[in-house]
Amino acid sequence: MTKRYGEHLALEGLDLTVGAGEVFCLLGANGAGKTTTLNLFLGFIEPTAGEARVAGQDVRQDVARARGLIAYVPELVMLYPRLSGRENLDYFNTLAGRPALSRQESTAWLTQAGLAPGAMDRPVGGYSKGMRQKVGIAIALAKGARALLLDEPTSGLDPLASNELSETLRRLSGEGMAVLMATHDLFRAKESGTRVGIMKAGHLVETRSTQELGHAELEQLYLTHMRG
Ligand SMILES: Nc1ncnc2c1ncn2[C@@H]1O[C@H](COP(=O)(O)OP(=O)(O)O)[C@@H](O)[C@H]1O
Ligand SMILES: [Mg+2]
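Attention in this report is confined to the structure presented alongside it. Keep in mind that this is a model prediction, so the values were computed, not measured.

1. Observations concerning the nonpolar core
Now for step 1: By size, the foremost hydrophobic cluster in this structure holds 43 residues, and its most contacted members are Leu27, Leu115 and Leu148.
Now for step 2: If you tally residues by element for this core, the top one is helix α5 (residues 129–142), at 8 residues.
Now for step 3: Residues contacting Leu148, with those up to four places away along its chain left out, are Ala71, Val73, Ala140, Leu169, Leu172, Met177, Ala178, Val179 and Leu180.
Now for step 4: The next biggest cluster of nonpolar side chains, apart from the first, holds 23 residues, and it includes Leu14, Leu16, Ile70 and Leu180.

See the structure below:
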């Protein structure tokens, strides 16, 4: 995929496949093209050349289908503060035209997303950022999403919340979810990712498996690309 804004190349010749069971972490400085990549898969923007495919089909051919299969967890998940996590899940699920969830079902989705049982019926207004993210993930799971796209999900999370998110993403990928996330967090990328990709000025300049890479090595690799 290539994405051009006038004379400016936001993304050039990106060739990236994220399979079921993978957690692919996009790294790179601000402006490298990470969000552009996510937006292309979500059909929020269209590529200048090439195509974004979700489950094999060009997103442009059927944006609604693509958005049904993927879930986007933004940096700040927008929820109704007076409603509880469970009520927010119920509301967004109904809004998506799906059958109402039983209490057992909503508990199951929220639990899978990592929310503690004691928090489920408390108003979201008192939730931390990490807890809101969990409700966002539960909404994604309830709609049957096969892929999760996250944009800088760990920015502003405390280490415990970051760790919980890593664990949740690992677990979901183990159940066949495809995960693509943009992040500045090298440590978390190594912890939760199966692969990392380093982007620089619209190009994916390096792709590595996290298994073959230590924390210090990943940092060195990143810095080498940023300085080079
Ligand atoms: N709507 C837009 N119009 C013009 N340029 C844009 C637009 N959106 C993004 N860009 C440019 O595309 C490049 C990639 O941006 P982005 O994907 O947001 O980077 P990242 O998420 O890696 O920080 C940047 O140079 C940015 O200024
Ligand atoms: Mg971005």
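Still more ground to cover, so stick around.
2. A closer look at the environment of Glu212
Now for step 1: By the element assignment, Glu212 lies in the loop between β10 (203–209) and α8 (215–227).
Now for step 2: A residue is classified by how much of its surface remains accessible, and Glu212, at 48% relative accessible area, is partly exposed.
Now for step 3: Of the polar contacts made by the side chain of Glu212, one reaches the side chain of Arg208; its length is 2.9 Å.

3. Let's talk about the packing of aromatic side chains
Two aromatic rings are characterised by how far apart their centres lie and by the angle between their planes.
Now for step 1: Under the criterion given, the structure shown has 4 aromatic pairs.
Now for step 2: Summarising the aromatic geometry, the rings of Tyr91 and Phe92 are spaced 5.4 Å apart at their centres and angled 80° between planes, so their arrangement reads as edge-to-face.
Now for step 3: Phe92 sits in the partly exposed class, given a relative accessible area of 22%.
Now for step 4: By way of ring pairs, the aromatic residues Tyr80, Tyr91 and Phe92 are connected into one cluster.

4. A closer look at the pattern of salt bridges
Now for step 1: Per the counting criterion, the structure on display carries 9 salt bridges.
Now for step 2: Across the salt bridge formed by Arg195 and Glu22, the nearest N and O atoms sit 2.6 Å from each other. Taken together, the positions of Arg195 in strand β9 (residues 195–200) and Glu22 in the loop between β2 (8–11) and β3 (23–27) put the pair 173 residues apart, joining distant regions of the chain.
Now for step 3: For Glu22, a relative accessible area of 18% gives the class buried.
Now for step 4: A salt bridge links Arg86 to Asp121; the shortest N-O distance between them is 2.8 Å. A residue pair is termed long-range when its members are at least 10 positions apart, and Arg86 in helix α3 (residues 85–95) and Asp121 in the loop between α4 (103–112) and α5 qualify at 35 residues.
Now for step 5: Salt bridges sharing partners connect three or more residues here, namely Arg86, Arg103 and Asp121.

5. A word on the site of ligand 1
Now for step 1: Looking at ligand 1, the residues that line it are Tyr5, His8, Ala10, Ala29, Asn30, Gly31, Ala32, Gly33, Lys34, Thr35 and Thr36.
Now for step 2: Between Lys34 and ligand 1, the recorded distance is 2.8 Å, taken from a side-chain N or O atom to an oxygen atom.
Now for step 3: Contact with the protein chains covers 60% of the free accessible surface of ligand 1, which is 560 Å².
Now for step 4: For the shell around ligand 1, the secondary structure elements donating two or more residues are β2 and α1 (34–42).
Now for step 5: The biggest single contributor to the shell around ligand 1 is α1, with 3 residues.
Now for step 6: Tallied by class, residues from the shell around ligand 1 come to 4 nonpolar, 6 polar and 1 charged.

6. Structural notes on the packing of α4 against α5
Now for step 1: Orientation of α4 relative to α5, taken along the N-to-C sense of each, is 120°, at an axis distance of 8 Å. One finds that α4 runs oblique with respect to α5. In the packing of α4 onto α5, the handedness of the crossing is right-handed. Here α4 contributes Trp109, Leu110 and Gln112 to the contact with α5, which in turn contributes Val135, Ala138, Leu141 and Ala142.

7. With respect to the pairing of strand β7 (residues 147–151)
Strand residues, when the strand is regular, have side chains that alternate between the two faces of the sheet.
Now for step 1: Taking burial as the measure, the 5 residues of β7 include 5 buried ones, the bulk of the element.
Now for step 2: The alternating pattern of β7 places Ala147, Leu149 and Asp151 and Leu148 and Leu150 on opposite faces, both of which are buried.
Now for step 3: Pairing of strand β6 (residues 70–73) with β7, which is carried by 4 bridges, proceeds in the parallel orientation. Within β7, the position partnered with Ala71 by the bridge is Leu148.
Now for step 4: Of the strand pairs in this sheet, β7 and strand β8 (residues 178–182) are connected by 5 bridges, and their pairing is parallel. Bridge pairing in β8 places Leu150 opposite Met181.
Now for step 5: Where the polypeptide runs from β7 across helix α6 (residues 159–174) and back to β8, its parallel neighbour, the crossover connection is right-handed.

Cut-offs applied
Residues numbered from 1 in each chain as written. Chains lettered and ligands numbered in written order. Predicted model: local features only at pLDDT ≥ 70, side-chain atom pairs only at ≥ 80, totals over all residues. Heavy atoms only, no water. Core = buried A, V, L, I, M, F, W, Y, C linked by side-chain atoms within 4.5 Å. Buried < 20%, exposed > 50% of the residue type's maximum accessible area, 1.4 Å probe, protein only. Helix = DSSP H or I, 4+ residues; strand = E, 2+ residues; numbered from the N terminus. Contact = heavy atoms within 4.5 Å. Polar contact = N/O pair within 3.5 Å; in protein donor to acceptor, adjacent residues only side chain to side chain. Phe/Tyr/Trp six-rings, centres within 6.5 Å; stacked < 30°, edge-to-face > 60°. Salt bridge = Lys/Arg side-chain N within 4 Å of Asp/Glu carboxyl O. Near = heavy atom within 4 Å. Areas by Shrake-Rupley, 256 points an atom, 1.4 Å probe, with all protein chains shown as cover. Nonpolar A, V, L, I, M, F, W, Y, C, P; charged D, E, K, R; others polar. Axes fitted to C-alpha atoms, helices over the stretch in contact; angles between N-to-C directions. Parallel < 35°, antiparallel > 145°, perpendicular 65-115°, else oblique. Left-handed = near helix turned anticlockwise from the far one by under 90°. Pairing = 2+ DSSP bridges. Right-handed = clockwise from strand over helix to strand, strands pointing away.

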